[in-house]
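Take a look at the letters that make up each chain.
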Amino acid sequence: NAGVTQTPKFQVLKTGQSMTLQCAQDMNHNSMYWYRQDPGMGLRLIYYSASEGTTDKGEVPNGYNVSRLNKREFSLRLESAAPSQTSVYFCASSERAGQETQYFGPGTRLLVL
Amino acid sequence: GENVEQHPSTLSVQEGDSAVIKCTYSDSASNYFPWYKQELGKRPQLIIDIRSNVGEKKDQRIAVTLNKTAKHFSLHITETQPEDSAVYFCAASRAAGNKLTFGGGTRVLVKP
């Protein structure tokens, strides 16, 4: 079992460019999440998908879109990157939403110049 | 929405001493409280959790206590070791809620 995987590991973008961060899990989990972690700060929820076919906004959704492609995959898209989106992005999954252990991916380090 | 505050933001302890991290939450409907550990450059990983029907839970050197009336919960690490050096995050979730709300994190440094 690979658990939760994320691609790419590292990306540099110029302001205004777009990109999609990919996340996949092989644990047959129903729920998936996207967080961002700024230096020295905690985890802030961007979007989540409680179950296949549903997505909801988290604490900091502005500037992002998501797609729950199927049960395994949950992607995060930046349509027009801004320097304020420089961060480490973590994807996570859990068997059920909210009250179960969340398993995190290794993270994607994004630098927007 | 839920708000979780975590203190202290940094904690330095001597190896062998105990470390205590405290979190308060705002939503009285919250009933699930996990703790995650994040080593430098790594992903967060669950180390212990507690549900509101119990007041304390232990797992070897770590324990979590919950005071529902005061809406706070704490992580206790005894006999600290250098490998306990990491950032620790508390979180809370309400019954029938779909997401966790994380505290700001505590950076723990264990000095040999």
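As shown above, the structure is provided for reference.
So, how was this worked out
Residues numbered from 1 in each chain as written. Chains lettered and ligands numbered in written order. Predicted model: local features only at pLDDT ≥ 70, side-chain atom pairs only at ≥ 80, totals over all residues. Heavy atoms only, no water. Phe/Tyr/Trp six-rings, centres within 6.5 Å; stacked < 30°, edge-to-face > 60°. Helix = DSSP H or I, 4+ residues; strand = E, 2+ residues; numbered from the N terminus. Buried < 20%, exposed > 50% of the residue type's maximum accessible area, 1.4 Å probe, protein only. Core = buried A, V, L, I, M, F, W, Y, C linked by side-chain atoms within 4.5 Å. Contact = heavy atoms within 4.5 Å. Buried area = accessible area lost by both parts, 1.4 Å probe. Salt bridge = Lys/Arg side-chain N within 4 Å of Asp/Glu carboxyl O. Polar contact = N/O pair within 3.5 Å; in protein donor to acceptor, adjacent residues only side chain to side chain. Nonpolar A, V, L, I, M, F, W, Y, C, P; charged D, E, K, R; others polar. Disulfide = S-S within 2.5 Å.

### Focus on the packing of aromatic side chains
Aromatic ring pairs are described here by two measures, namely the spacing of the ring centres and the angle between the planes.
Residue and element names in this part refer to chain B.
Next up, step 1: Enumeration over the complete set of coordinates arrives at 13 aromatic pairs over all chains.
Next up, step 2: Judged by centre distance (6.1 Å) and plane angle (55 degrees), the ring pair of Y25 and F73 falls under tilted. Of this pair, Y25 sits in strand β3 (residues 19-25) while F73 sits in strand β8 (residues 72-77); the two residues are 48 residues apart in sequence, bridging distant segments of the chain. Residues Y25 and F73 agree in their burial class; the two are buried.
Next up, step 3: When the centroid spacing of 5.6 Å and the interplanar angle of 70 degrees are considered together, the rings of W35 and F73 count as edge-to-face.

### Observations regarding the nonpolar core
Across soluble globular proteins, nonpolar side chains have a tendency to be buried as a group.
All names here are of chain B.
Next up, step 1: With 23 residues, the main nonpolar core has I21, Y25, F33, W35, F73, L75 and Y88 as its most contacted residues.
Next up, step 2: At the level of elements, β2 (10-14), β3, β4 (30-38), β5 (45-51), β7 (62-67), β8, β9 (86-94) and β11 (106-111) are the ones that each hand at least two residues to this core.
Next up, step 3: Aside from chain neighbours lying at most four places away, what touches F33 is Y25, I48, D49, I50, S52, L66, F73, A91 and A92.

### Topic: the interface of chain B and chain A
Next up, step 1: In this assembly, 20 residues from chain B lie in contact with 20 residues from chain A.
Next up, step 2: Carbon and sulfur atoms make up 52% of the surface buried where chain B meets chain A, a total of about 1700 Å² over both sides.
Next up, step 3: Together, R43, N98 and F102 of chain B form the three largest contributors to the area buried by chain B at its contact with chain A, with a combined 32%.
Next up, step 4: If you look at where chain B meets chain A, you find 0 salt bridges.
Next up, step 5: Our count for the chain B to chain A interface comes out at 3 residue pairs in polar contact (both at pLDDT 80 or more).
Next up, step 6: When contributions to the side of chain B that touches chain A are tallied by element, the ones reaching two or more residues are β4, β5 and β9 of chain B.
Next up, step 7: Here the side of chain B that touches chain A takes 4 residues from β4 of chain B, the largest share from any one element.
Next up, step 8: Of the residues contributing to the side of chain B that touches chain A, the split by class is 8 nonpolar, 7 polar and 5 charged.

### Things to note about the state of the cysteines
Next up, step 1: Here the structure, examined in full by the defined rule, presents 2 disulfides over all chains.
Next up, step 2: Covalent S-S linkage joins C23 of chain A and C91 of chain A, the inter-sulfur distance amounting to 1.9 Å. Handedness of the C23 of chain A-C91 of chain A disulfide follows from its S-S torsion of about -70 degrees: it is left-handed. Residue C23 of chain A is located in strand β3 (residues 19-25), and its partner C91 of chain A is located in strand β9 (residues 87-94); the two are separated by 68 residues in the primary sequence.
Next up, step 3: The exposure class assigned to C23 of chain A is buried, which follows from its relative accessible area of 3%.
Next up, step 4: Here C23 of chain B engages in a disulfide with C90 of chain B; their sulfurs sit 2.0 Å apart. Disulfide C23 of chain B to C90 of chain B: torsion about the S-S bond roughly -100 degrees, handedness left-handed. Of this pair, C23 of chain B sits in strand β3 while C90 of chain B sits in strand β9, placing them 67 residues apart in sequence.

### Comments concerning the side chain of S31 of chain A
All names here are of chain A.
Next up, step 1: Counting through the fold element by element, S31 comes out in strand β4 (residues 31-37).
Next up, step 2: On the basis of relative accessibility, which here comes to 0%, the residue S31 falls in the buried class.
Next up, step 3: Polar contacts involving the side chain of S31 include one to the main-chain carbonyl oxygen of A50, which spans 2.6 Å.
Next up, step 4: For S31, the residues in contact, after removing those within four places along its chain, are S49, A50, R68, A92, S93, S94, E95, R96 and A97.

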